[in-house]
Amino acid sequence: MEGFTVTLMEKALKWLAMDKNPVTHAEVQRLVDAHNFDELGKRLDERIVFGTAGLRARMQAGFSYMNDVTVIQTSQGLAAYVIEQFGRNAAVERGVVIGHDHRHNSSRFARLTAAAFLTQGIKVHFYDELSHTPLVPFGIKHLGALAGVMITASHNPAMDNGYKVYWENACQIIPPHDKAIYNIIERHLEPKSWDILLVDDHPLAIKSLPEVREAYFAAIKQETVTPLPPPGFKFVYTPLHGVGLLPMKEAMNDLGLLENIVVVEEQALPNPDFPTASFPNPEEKGALNLAIAGAGINLIPLVIASDPDADRFAAAILDLDVVDPNPTYTILTGNQLGILFAAYILETYTGDRSIMAMLASTVSSQMLGYMAKAEGFIFEETLTGFKWLGNVALQLREKGINALYAFEEAIGYMFTNIVPDKDGISAASFFLCAAIHWADKERLTPLQKLEQLYKKYGYFESHNSYFISPSPAKTRNIFEEIRSLKREDEKFPKYVGKRLVLRWRDLTTGYDSGTPDNVPNLPVSKSSDMITCWLEDEIRFSVRGSGTEPKIKTYIECKADTREAAKKGADEVAVDLEKEWFRPFETGLKKPQ
């Protein structure tokens, strides 16, 4: 214990020596004075992990969290890596793009990031106003930059912030870049510049936001067909206290729909405290309540939303088939929206389908794959996250395949011709064009269109959930126990409940019973757990340990001839998995409230 305390005090003194921010400096000093070693351990023992999403954590003092020190250290390491990969000449000529949202400290962190790059002689295209996340990857693409950083924590709670990194192809970084950057950060830990004003007048600092914005909206306009809305058409929009309103209005103006938008005034302006949404994620229960209530008063048929950094998109539809004196709105799931986008793209695509591709992550709906088989386009499945969807889409394009679109069940949608990352503003533009198109050509609402698609391709119902794990070690133990449910002479367990396992894919151990050589087609990672099973009755599910939260996530989907049968199948497997695999009363896992 004494050695532990000495080591911890050394780390605390090291922090105090390098931190020039009076607020976070005082935080650690108070903990030292109070001999609060438990809290000091939480703050200082582990360095914040730089992963494929960059950084994301609570804003407070300590090497484990988001603050000036960790932002400067990360930026110094990333700047050194850019020079190592591309050379100094390219760093000066092409530079990097840096943007930020409205969260507490976002502007400050962006300025400190810019100072770290400028200090190392790298050009910085600096967005000196609030921007939504897709403008950073779009800026990389438009300006030909080497990399980009967006300061945002997306839809996390108010006290979190993050540091999102993109590479020269305008996609989020994937291995091995993440590990290489983490290693080089370790060699650049002493902060060199705290000058938040350096970016204002440095000769290598370029204010590129107006040019990038203009090109971005031109790209959306080029990719969408200007709709002719019916008389009286209205839709409700909420940016959930984020930065989405300005770009949404600009995009709607280009589509001729600016007069049709009804904004949720209580959530219209950027507010880093998110006063009406403690967890500002459109997927969260209750997040769209204000917007739906406002729409219901005037029977406005469509409600749309973006998350605070406007890279995700959600929608709710007035259900005209429900007989009820009170308006009933159905919030579309991420999978349902993903399929509606795919259907619209397919209907309006005039090229050769045999060389056109759409993508989805492995935890998203299988329905896109069934559509591909029926309609003759290419379907590609990737690992979870747009870092994979974007990179794989670009790789397909290098092979001459027109990868137009990708989605993930967590309400993320990518239109590759605009930007190879999820984009809530592009998604809103496409969705409104689609809704107006179906109303005009087929007299269908998006809900009715979805029903038409189910009748054609089959009903797909999901049961997605999670268990809260007490620790990473417990998560790893759970997965090892799952793998041990097999007999000695078997490669994997043969049953889940009463259903036979037809195929077993383990992206941790690198085994896939469904490939000729038993090697998975998707990348394998021993540092993360993910198992996917195909069962009888056209059921597929994946379970994985979350990379950003203390959770084990489950994604179950069943295909059937009726909605009721599909839902029954997915629900039954959820019960079987809880009973046989997760056993919360024995393992200490907790179910969501």
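Criteria and cut-off values
Residues numbered from 1 in each chain as written. Predicted model: local features only at pLDDT ≥ 70, side-chain atom pairs only at ≥ 80, totals over all residues. Heavy atoms only, no water. Helix = DSSP H or I, 4+ residues; strand = E, 2+ residues; numbered from the N terminus. Contact = heavy atoms within 4.5 Å. Axes fitted to C-alpha atoms, helices over the stretch in contact; angles between N-to-C directions. Parallel < 35°, antiparallel > 145°, perpendicular 65-115°, else oblique. Left-handed = near helix turned anticlockwise from the far one by under 90°. Nonpolar A, V, L, I, M, F, W, Y, C, P; charged D, E, K, R; others polar. Buried < 20%, exposed > 50% of the residue type's maximum accessible area, 1.4 Å probe, protein only. Pairing = 2+ DSSP bridges. Right-handed = clockwise from strand over helix to strand, strands pointing away. Salt bridge = Lys/Arg side-chain N within 4 Å of Asp/Glu carboxyl O. Phe/Tyr/Trp six-rings, centres within 6.5 Å; stacked < 30°, edge-to-face > 60°.

Draft legend 1. Molecular detail of the environment of valine 199. Here valine 199 lies in helix α9 (residues 198–201). Separated by 119 residues in the primary sequence, valine 199 and leucine 318 have C-alpha atoms spaced 48 Å apart. The contact partners of valine 199, leaving out residues within four places of it in the chain, are Arg111, Ala114, Leu118, Phe126, Ala205 and Lys207.

Draft legend 2. Focus on the packing of helix α10 (residues 209–223) against helix α11 (residues 245–255). The geometry of α10 relative to α11 is characterised by a closest axis approach of 10 Å and an angle of 50° between their N-to-C directions. Taken as axis vectors, α10 and α11 run oblique relative to one another. The hand of the α10/α11 crossing is right-handed. Residues Arg213, Phe217 and Lys221 of α10 pack against Leu246, Pro247, Glu250, Ala251 and Asp254 of α11. By residue class, the composition of the contact of α10 with α11 is 4 nonpolar, no polar and 4 charged.

Draft legend 3. Focus on unusual backbone geometry. Residue proline 175 is joined to proline 176 through a cis peptide bond whose omega torsion reads 10°. Note that proline 176 resides in the loop between β5 (160–167) and α8 (177–185). Backbone geometry places arginine 443, a non-glycine residue, at a positive phi of 55°. Mapping arginine 443 onto the fold places it in the loop between α16 (424–441) and α17 (446–457). You will see that aspartate 537, though not glycine, has its phi angle at about 70°, which is positive.

Draft legend 4. Quick look at the pairing of strand β7 (residues 235–238). Judged by which residues are buried, β7 turns out to be covered on both faces: Phe235 and Tyr237 on one side and Val236 and Thr238 on the other are all buried. Note: β7 against strand β8 (residues 261–263), 3 bridges, orientation parallel. Each bridged residue has a counterpart across the sheet, and for phenylalanine 235 the counterpart in β8 is isoleucine 261. Each parallel crossover has a hand, and for β7 linked through α11 to β8 it is right-handed. Here β7 pairs with strand β9 (residues 302–306) via 4 bridges, running parallel. Among the inter-strand pairings, threonine 238 is bridged to a residue of β9, identified as alanine 305.

Draft legend 5. Here's a closer look at the pattern of salt bridges. Per the stated rule, a full pass over the model turns up 36 salt bridges. Close ionic contact of aspartate 101 with arginine 103 constitutes a salt bridge, the shortest N to O distance being 3.8 Å. Relative accessible area serves as the criterion here: at 1%, aspartate 101 is assigned to the buried category. Of the charged contacts, one joins lysine 449 and glutamate 442 as a salt bridge, the two residues approaching to 3.0 Å between their closest N and O atoms. Residue lysine 449 is classed as buried on the basis of its relative accessible area, which comes to 2%. With a relative accessible area of 28%, glutamate 442 lands in the partly exposed category.

Draft legend 6. Looking closely at the sheet that holds strand β14 (residues 402–408). Here we have 4 strands laid out as an open sheet, ordered β13-β12-β14-β15, and mixed in their pairing. Unpaired on one side and paired on the other, β13 (378–382) and β15 (412–415) mark the two borders of the sheet. The mean angle between the axes of side-by-side strands here comes to 20°, regardless of whether they run parallel or antiparallel. Across 5 bridges, the pairing between strand β12 (residues 356–361) and β13 is parallel. For serine 361, the partnering residue across the bridge sits in β13 and is threonine 382. Contacts from helix α14 (residues 367–375) reach β12, β13 and β14, with the element oriented near 155° to β13.

Draft legend 7. Broad picture of the packing of aromatic side chains. Under the criterion given, the structure shown has 24 aromatic pairs. The interplanar angle of 35° and the centroid separation of 5.5 Å between the aromatic rings of tyrosine 405 and phenylalanine 415 together place this pair among those described as tilted. Residue tyrosine 405 is found in strand β14, and its partner phenylalanine 415 is found in strand β15; the two are separated by 10 residues along the sequence. Here tyrosine 405 matches phenylalanine 415 in class, with each residue buried.

Read these as layout, nothing more, since geometry by itself doesn't imply function.
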